[in-house]
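Each chain, letter by letter, is given below.
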Amino acid sequence: MGTPEQVRERAERLRKELEHHNHRYYVLDDPEINDAEYDRLFRELVQLEQEHQELRRPDSPTQRVGAPPLPEFAEVRHRASMLSLSNAFGEDEVRAFDKRVREALDVESVEYAAEPKFDGLAISLSYRKGIFVQGATRGDGATGEDVTPNLRTVRAIPLRLPQAPDTENLEVRGEVIFYKADFAKLNARQREAEEKVFANPRNAAAGSLRLLDSKITARRPLRFFAYGVGISAEAGWKTHSELLDRLNEIGFPVSRERGVVQGVDGLMDFYRSMQAKREKLPYAIDGVVYKVNRLDWQEKLGFVSRAPRFAIAHKYPAEEQATEILRIEIQVGRTGVLTPVARLKPVEVGGVTVTNATLHNEDDLRRKDVWAGDTVMVRRAGDVIPEVVGVRKKGSRRKEERFSMPDKCPVCQSPVVRLPGEAATRCTGGLYCRAQRKQAIIHFVGRRAMDIEGVGEKLVEQLVDRDMVESPADLYWLDEKSLAGLERMAEKSARNVLQSIQRSRSMDLQRFVFSLGIPGVGEEVAKILARHFGSLRSLLAADWPALAAEKETLRKENAKRKRKNEAPHEVPLEGVGPEIMDSIGKFVHEAHNRKVIANLVDPARGVLVRDAATAGAATERGIRSRSGKTFVLTGTLPGMSRDEARALIEARGHKVADSVSRKTDYVVAGQEAGSKLAQARALGVAVLDEDGLKQLLGKR
Ligand code: IVH
């Protein structure tokens, strides 16, 4: 590779880049590239420094782990450094590791402890006399951040251990992580509240743990798994697996997936069986970790500068591949957003053939500097839409081929706009635009919206293209005759379609509101709106600017009250930000939308929208006329026994269930209500006391 000068420059550049990405990753929790790309740069530098000893620097990223702690937290010096692991990317490297280990120990075969490599944040937890006294992040390995108050909020971390010689003075190490499902929910919430959306569960865990306000951390469902100890006195364990068993015994979560295997073949079997389970695991893993099981052997093997010699991380191949962009096209979405999409030379990524990948928006495309003809990295993880991560190799890049956002919608030719402060470019055609109309209807019939089975994308395309359906309301005017002429529409399927349309004619307010596809209104916001307004009529009658102003005033007032240590006022529509309120206001006052909604709830052909119980007074509207609500009883009610309450509820045609879930409509809580009440709060289920229950059921 090139002249000495070029090599020196390349090494310098790599160092700068790695420092930059280190900073983004460790300090800002906001990486620009993924681990696989980082690893590639890192390995290139390691190799350069190995081949050209004179290029080695004590301050090179290869010589240190992570970045310095943020200044806001107190610093903690780790009593024993928190090290990193070397990586192996293939079987050869695992075999080489095993060979090194066997040779250093001078033995034939080695027993290993194998476990998942959690993709979260490493922490250490100090216990004195069995009490949790301090917790810290890894930081740069020698010094971390004191995040004790935040860690105290993590339920998986025991605050007290059984009294025993080995819990007198113990430092446990492990990983704070986010479960995939919790992560998805958190991001949905963040998006709806117009707050920061996290790139991956690792960043969500890191971001949540490093909040200066531990009250916010408490609302984030962080998890913890222990995988080792830093300091321990009076340890009774002889192997790593015994150590994990003991940690588990005294109250720490330890991965159920851990195993003990013999030799390198055992390691490879473990690797493959975890890979098969990987997608189904509740948490993200980026590899597996192998550790020499015998602790006396671990000690004998010791450490090299950055990592232990007795352990290695075996990484899974990244879910990304290189391929060529054939062209860049524009897709128009439900809310009119124009998304540049790369049409790709087909490529297999993580077992699926990918032909399209999103480029998100104009800025993203510019930042990544993507052109048609370039070879790019495409990433696909789980079920998410494949995306272009970055350019691998530039194509011919003739000027006239440079992509630019059109100034007219490619579908309806309406002008497009890009509002200040927004990344999205939008078509102004509204439901005049066929693309938006189609997407609006596809959203409307979706499983989580009106759940109209049998009406899929293909059918919607036909219905719109033939001008049979202009808005979701027109679906309710379809009949067998009109459906008969369509492609792939036998008599029976036509009947099924009409039946499922009929079935959707009674719908609860929350789903109905979500189905309308108001920009910014996802399921969470729809739920809040239904709770607040109770009926479609009052939601449509609301004065949105006035509501927004009221909310702002209350917010300011509450800030004052907080300083004075007074209890805050309840803020209406908590979780619905000003921009969403503005969007709802615009949507419901737009003449076309009002007409569509009016047609949708036309008593003759349309949907009967069932009122919701409002948060405060669940009541006057009553639910007597509606049937099939699910109640859960908890605690002792002052004036009636549990059986009486059950009888009352069932007599009104409702159901009593044993446990709280998303399907629960009401939790009736008496004295000493326990975990069910907490669950209700966590899921946002309405909670009633005895009076509330009686009022609701019309018994007073
Ligand atoms: S053992 C001395 N075990 O990987 C060895 N680390 O690159 C210390 N990690 O900072 C680490 N799962 O954040 C170990 N089962 C596991 C792990 C694990 C994830 C992380 C940890 C560490 C990094 C090392």
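Everything below is about the structure printed above this text.
Predicted, not measured: the structure shown is a model, and the values here were computed from it.

## A word on the packing of aromatic side chains
Here the distance between the centres and the angle between the planes together describe a pair of aromatic rings.
Link 1 in the chain: Summed over the entire model, instances satisfying the criterion amount to 13 aromatic pairs.
Link 2 in the chain: With 5.9 Å between their ring centres and 40° between their planes, Tyr179 and Tyr283 make a pair best called tilted. With Tyr179 in the loop between strand S7 (169-177) and helix H5 (180-192) and Tyr283 in the loop between helix H9 (263-277) and strand S10 (285-292), this pair connects stretches of sequence that are 104 residues apart. Residue Tyr179 shares its accessibility class with Tyr283, and that shared class is buried.
Link 3 in the chain: Between Tyr271 and Tyr316 the ring centres are 4.6 Å apart and the planes differ by 25°, which places this aromatic pair in the stacked class. In this pair, Tyr271 is assigned in helix H9 and Tyr316 in the loop between strand S11 (311-315) and strand S12 (320-332), connecting sequence segments 45 residues apart.

## A few points about the sheet that holds S7
Link 1 in the chain: With antiparallel pairing, four strands are arranged side by side in an open sheet as S5-S4-S7-S8. Only two strands of the sheet have a single partner each, and these edge strands are strand S5 (131-137) and strand S8 (223-232). Strand-to-strand, the axes of this sheet are offset by a mean angle of 30°, without reference to chain direction.
Link 2 in the chain: As paired strands, strand S4 (residues 121-128) and S5 are joined by six bridges and run antiparallel to one another. From the neighbouring strand, Tyr127 faces S5, where its bridge partner is Phe132.

## Some thoughts on the nonpolar core
Link 1 in the chain: By size, the foremost hydrophobic cluster in this structure holds 55 residues, and its most contacted members are Leu475, Leu529 and Trp544.
Link 2 in the chain: Excluding anything up to four places from it in sequence, Leu529 contacts Val513, Val521, Gly534, Leu539, Trp544, Leu573 and Ile584.
Link 3 in the chain: Counting 33 residues, the second-largest nonpolar core is a separate cluster that includes Phe73, Val176, Leu186 and Ile250.

## Quick notes on the environment of Val292
Link 1 in the chain: Turning to its location among the elements, Val292 is positioned in strand S10.
Link 2 in the chain: Overall, Val292 belongs to the buried group, its relative accessible area being 0%.
Link 3 in the chain: Separated by 29 residues in the primary sequence, Val292 and Gly263 have C-alpha atoms spaced 9.9 Å apart.
Link 4 in the chain: Beyond its immediate chain neighbours, meaning those up to four positions away, Val292 contacts Val101, Val110, Glu111, Tyr112, His240, Trp297, Gln298, Leu301 and Phe310.

## Overview of the pairing of S11
Link 1 in the chain: Extensive coverage of S11 is indicated by the burial of five of its five residues.
Link 2 in the chain: With burial as the criterion, each face of S11 is covered, one bearing Ala311, Ala313 and Lys315 and the other bearing Ile312 and His314.
Link 3 in the chain: Sheet topology places strand S2 (residues 87-88) next to S11; two bridges connect them, and they run parallel. Its bridge partner being in S11, Asn87 is matched across the sheet by Ala313.
Link 4 in the chain: One ladder, built from five bridges, connects S10 with S11; its direction is antiparallel. Looking at S11, one finds that Val288 is bridged to His314.

## Topic: unusual backbone geometry
Link 1 in the chain: Located in the positive-phi region is Lys129, a residue other than glycine, with phi close to 50°.
Link 2 in the chain: Summarising the element assignment, Lys129 is placed in the loop between S4 and S5.
Link 3 in the chain: The exposure class of Lys129 is exposed, given its relative accessible area of 52%.
Link 4 in the chain: In this structure, Asn565 is a non-glycine residue whose phi angle is positive, near 60°.
Link 5 in the chain: In this fold, Asn565 is placed in the loop between helix H19 (544-563) and helix H20 (578-589).
Link 6 in the chain: The exposed category is assigned to Asn565, whose relative accessible area is 75%.

## Comments concerning the site of the ligand
Link 1 in the chain: Not every one of the 14 residues close to the ligand is listed here, only the nearest: Glu115, Phe118, Arg138, Glu175 and Lys291.
Link 2 in the chain: Phe118 is positioned such that a nitrogen or oxygen atom in its backbone is 3.0 Å from a nitrogen atom of the ligand.
Link 3 in the chain: Protein coverage of the free-state accessible area of the ligand, which is 520 Å², stands at 87%.
Link 4 in the chain: Counting residues per element, the ones that place at least two in the shell around the ligand are strand S3 (111-118) and S10.
Link 5 in the chain: The element contributing the most residues to the shell around the ligand is S3, with four residues.
Link 6 in the chain: Taken together, the residues of the shell around the ligand sort by class into eight nonpolar, one polar and five charged.

## Some words on H19
Link 1 in the chain: The terminal C-alpha atoms of H19, which comprises 20 residues, lie 29 Å apart, in line with the 28 Å expected from a rise of 1.5 Å per residue.
Link 2 in the chain: Of the positions making up H19, those classed as buried are Trp544, Leu547, Lys551, Leu554, Asn558 and Arg561. Relative to the axis of H19, the buried residues are bounded by an arc of 95° and lie together on one face. Residues of H19 that are exposed and angled more than 90 degrees away from the buried face: Pro545, Thr553, Lys556 and Arg563.
Link 3 in the chain: Close packing links the buried residues of H19 with helix H17 (523-533), helix H18 (536-541) and H20.

## A short note on the sheet that holds strand S23 (residues 666-669)
Link 1 in the chain: Across the sheet, which stays open at both edges, the four strands sit in the order S22-S21-S23-S24 with parallel pairing between neighbours. On the outer flanks of this sheet lie strand S22 (655-657) and strand S24 (686-688), each paired with one strand and no other. The average angle at which neighbouring strand axes cross in this sheet is 35°, direction not considered.
Link 2 in the chain: Sheet topology places strand S21 (residues 630-634) next to S22; three bridges connect them, and they run parallel. Across the sheet, the residue bridging to Val632 is Ala657, located in S22.
Link 3 in the chain: Of the strands in this sheet, S21 and S22 touch helix H22 (residues 642-651), which is tilted by about 170° from S21.

Scoring rules and cut-offs
- Residues numbered from 1 in each chain as written.
- Predicted model: local features only at pLDDT ≥ 70, side-chain atom pairs only at ≥ 80, totals over all residues.
- Heavy atoms only, no water.
- Phe/Tyr/Trp six-rings, centres within 6.5 Å; stacked < 30°, edge-to-face > 60°.
- Helix = DSSP H or I, 4+ residues; strand = E, 2+ residues; numbered from the N terminus.
- Buried < 20%, exposed > 50% of the residue type's maximum accessible area, 1.4 Å probe, protein only.
- Pairing = 2+ DSSP bridges.
- Axes fitted to C-alpha atoms, helices over the stretch in contact; angles between N-to-C directions.
- Core = buried A, V, L, I, M, F, W, Y, C linked by side-chain atoms within 4.5 Å.
- Contact = heavy atoms within 4.5 Å.
- Near = heavy atom within 4 Å.
- Polar contact = N/O pair within 3.5 Å; in protein donor to acceptor, adjacent residues only side chain to side chain.
- Areas by Shrake-Rupley, 256 points an atom, 1.4 Å probe, with all protein chains shown as cover.
- Nonpolar A, V, L, I, M, F, W, Y, C, P; charged D, E, K, R; others polar.
- Expected span 1.5 Å × (residues − 1).
- Arc of directions from axis to C-beta.

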